[in-house]
Amino acid sequence: MIEVKEAVKIIESSIPELPKITVPLVKSLGRVLRQEIVADTDFPPFNRVMMDGIAVKYEDLQKGLTSFSITGVQAAGSPQLTLSGNGNCFEVMTGSVAPTNADVVIPYEDVSIDSEKKLAVVNIPDIKKGKNIHRKGTDKKKGDLLISEGTTIGPPEIAVAASVGMTELWVTKNPSVAIISTGDELVDISDQPLPHQIRKSNVYAIAAELKMFGIKSDIFHIKDEEERLVVELGAVLDSHDVLILSGGVSKGKFDFIPDVLEKLGVDKLFHRIKQKPGKPFWFGVKGDEKVVFAFPGNPVSTFLCFYKYFVPWVKNALGMKVTVDKKALLSEDFNIKTGLTYFLQVYAKIDEFGKLIAFPNVGRGSGDHANLLNSNAFLELPGNTFEFKKGEVFPLIPFRSL
Ligand code: AMP
Ligand code: MG
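Everything in this summary refers to the structure shown in the same document. Counting restarts for each chain, with residues numbered from 1 along the sequence as it is written. To label them, take the chains in the order written and letter them from A, then take the ligands in the order written and number them from 1. Whole-chain, interface and lining totals are the exception, using all residues; otherwise, since this is a predicted model, local features are given only for residues with pLDDT of at least 70 and side-chain atom pairs are given and counted only at 80 or more. Water and hydrogen atoms play no part in the side-chain values, which are based on all heavy atoms of the structure.

### What about the sheet that holds strand β17 (residues 242-246)?
Paired through their backbone hydrogen bonds, the strands of a sheet run either parallel or antiparallel.
Reasoning step 1: Only when DSSP finds a minimum of two bridges between them are two strands counted as paired. Helix and strand labels come from DSSP, where a helix needs a run of H or I of at least four residues and a strand needs a run of E of at least two; each type is numbered from the N terminus. In spatial order, the strands read β16-β13-β17-β21-β20-β18; together these six strands make up an open sheet with mixed pairing. Both edges of this open sheet fall to β16 (217-222) and β18 (267-271), since each of them pairs with a single strand only. When strand polarity is set aside, the average angle formed by the axes of neighbouring strands in this sheet is 20 degrees.
Reasoning step 2: Note that β18 and strand β20 (residues 282-286) share four bridges and pair antiparallel. When the sheet's bridge partners are listed, K268 is paired in β20 with G284.
Reasoning step 3: Across the sheet, helix α4 (residues 202-211) is in contact with β13 (177-182), β16 and β17; its angle to β13 comes to roughly 165 degrees.
Reasoning step 4: Of the strands in this sheet, β13, β16, β17, β20 and β21 (290-295) are in contact with helix α5 (residues 226-239), which crosses β16 at around 175 degrees. To get an axis, fit a line to the C-alpha atoms, keeping to the stretch in contact for a helix; angles then go from 0 to 180 degrees between the N-to-C directions. Contact criterion: two residues are considered in contact whenever any of their non-hydrogen atoms come within 4.5 Å of each other.

Written as structure tokens, this is what we have:
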């Protein structure tokens, strides 16, 4: 049995190199960018009018002129016009190119327009040169790095990539993942369980969690029969990069998974961690490419192991930039007698001082997954202590956005 931090280290050193693929920009949300995005032009690409109003020459304002003849309209999407003479102006629209010779825009709110006489009278004093003109290249210059490799693509990245003409992006190829449940007591969602049966749920939770990373998975169920497991699990292993198992790794008479995996050539890197829940977790690799996470079947154990171990692993494998680990303060004194690292279910929320506070929500053990409905995180309490005090700070593993 190993410590939690040793397990973390072993898993961290079992990261495969995932290839990159191109996807259409519109399908890239949530993927990890595997290229740099640079500006194909200056941002903005021309002196851009920022307000609807009139464009004038600053030197006219300096001379004290307040009344201007309207000599044309510069619409957004029209080629640049040239303002000529003195005492003249153009009406200009937001998003249009500032006309040549015009170096200040005065919004309609500060101007009186006489449409018949084609006159605009400026009602405000002290207008600064360049006002309401977003000058070419002031945000970014052509060739500037806009988005670096390893960024997770969100709506702002899609907007910026679209503006530089990227119809496709290089992103990390998702690994092919299989989720396998074992356990002869388990039936499908649509079945009515007999008195000695339950419906399987872990596989659907894991599939949903993977979906949040944009990863599709295949779901399998294999009976608790050793020969059958060798054949059927062998086939799943051949056709997938990552296996996530739930159940069959404890000390029961029908817990064949550790033996079967070793028979299939998966090297065990650890079995059993000094933690609760999730103690019987088995982890192994086959060659450089295949990784097997075999979680104990109790729903809260599977759930915790997924967030504590699989989520950081998959983020790493996908090439996501590492985010800062979260911590929270315990809301009240809490005692526990396990001697193992204890992952306490909590409801964490930010108090009025901006501190993240974790309220214990213990539940009735690792079979009580209904308790997860009222929790949003696990608080990691170290195994060498039995009494934890209000206000002490511990690592937090959220499974909902806080
Ligand atoms: P095991 O790890 O196989 O000993 O299973 C531990 C407990 O978790 C048993 O009560 C199982 O019925 C339950 N269990 C195992 N797999 C699942 C699953 N896919 N969904 C829900 N419960 C499960
Ligand atoms: Mg079982």
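### Some words on the side chain of T172
Reasoning step 1: In this structure, T172 sits in strand β12 (residues 168-172).
Reasoning step 2: Each residue is placed in one exposure class: buried if its accessible area under a 1.4 Å probe, protein chains only, is under 20% of its type's maximum, exposed if it is over 50%, and partly exposed if it falls in between. What makes T172 buried here is its relative accessible area of 2%.

### Looking at the site of ligand 1
Reasoning step 1: Lining the immediate environment of ligand 1, one finds 15 residues, of which E185, S201, N202, G248 and G297 sit closest.
Reasoning step 2: In this structure, E185 approaches ligand 1 through a side-chain N or O atom, which is 2.4 Å from an oxygen atom.
Reasoning step 3: Polar contact is defined as a pair of N or O atoms within 3.5 Å, subject to the rule that within protein one atom must be able to donate a hydrogen and the other to accept it, and that residues adjacent in sequence are counted only when both atoms are side-chain atoms. Taking S201, its main chain carries an N or O atom lying 3.0 Å from a nitrogen atom of ligand 1.
Reasoning step 4: Starting from 490 Å² of accessible surface for ligand 1 in isolation, the protein chains cover 80%. We define proximity as follows: a residue is near a molecule or strand when any one of its heavy atoms falls within 4 Å of that partner. Methods summary: accessible areas were calculated by the Shrake-Rupley approach with a probe of 1.4 Å, and residue burial reflects only the protein chains presented.

### Comments concerning the packing of aromatic side chains
What characterises a pair of aromatic rings is the spacing of the ring centres plus the angle enclosed by the ring planes.
Reasoning step 1: By convention, a stacked pair of Phe, Tyr or Trp rings (six-membered ring in the case of Trp) has centres within 6.5 Å and planes under 30 degrees apart, an edge-to-face pair has planes over 60 apart, and any other such pair is tilted. Enumeration over the complete set of coordinates arrives at 20 aromatic pairs.
Reasoning step 2: Arranged with centres 5.4 Å apart and planes meeting at 55 degrees, the rings of F378 and F399 form a pair that is tilted. Within this pair, whereas F378 is found in strand β26 (residues 377-381), its partner F399 is found in the segment after β28 (393-398), the two being separated by 21 residues in sequence.
Reasoning step 3: Note that K20 overlies the ring of W170, its terminal NZ or CZ placed 5.5 Å from the centroid.
Reasoning step 4: A ring is scored as having a charge over it whenever the NZ atom of a lysine or the CZ atom of an arginine sits within 6 Å of its centre and within 35 degrees of its normal. Between the NZ or CZ atom of K349 and the centre of the ring of F359, over which it lies, the distance is 5.4 Å.

### Concerning the pairing of β13
Reasoning step 1: Here β13 lies mainly inside the structure; six of its six residues are buried.
Reasoning step 2: The two faces of β13 match: V177, I179 and S181 on one face and A178, I180 and T182 on the other face are all buried.
Reasoning step 3: Here six bridges tie β13 to β16, and the two strands are oriented parallel to one another. Across the sheet, residue S181 finds its bridge partner in β16, namely H221.

### Digging into the nonpolar core
Reasoning step 1: Membership of the largest hydrophobic core comes to 43 residues, with the highest contact counts inside it found for F281, F293 and F310.
Reasoning step 2: Among the secondary structure elements, those contributing two or more residues to this core are α1 (4-12), β13, α4, β17, β20, β21 and α7 (299-318).
Reasoning step 3: If sequence neighbours within four positions are ignored, F293 has contacts with I11, V242, L243, I244, L245, F281, W282, F283, Y309, F310 and W313.
Reasoning step 4: Ranked by size, the runner-up nonpolar core spans 19 residues in total, among them A178, V260, L264 and A294. Nonpolar core, defined: a set of buried Ala, Val, Leu, Ile, Met, Phe, Trp, Tyr and Cys residues in which side-chain atoms within 4.5 Å join the residues together.

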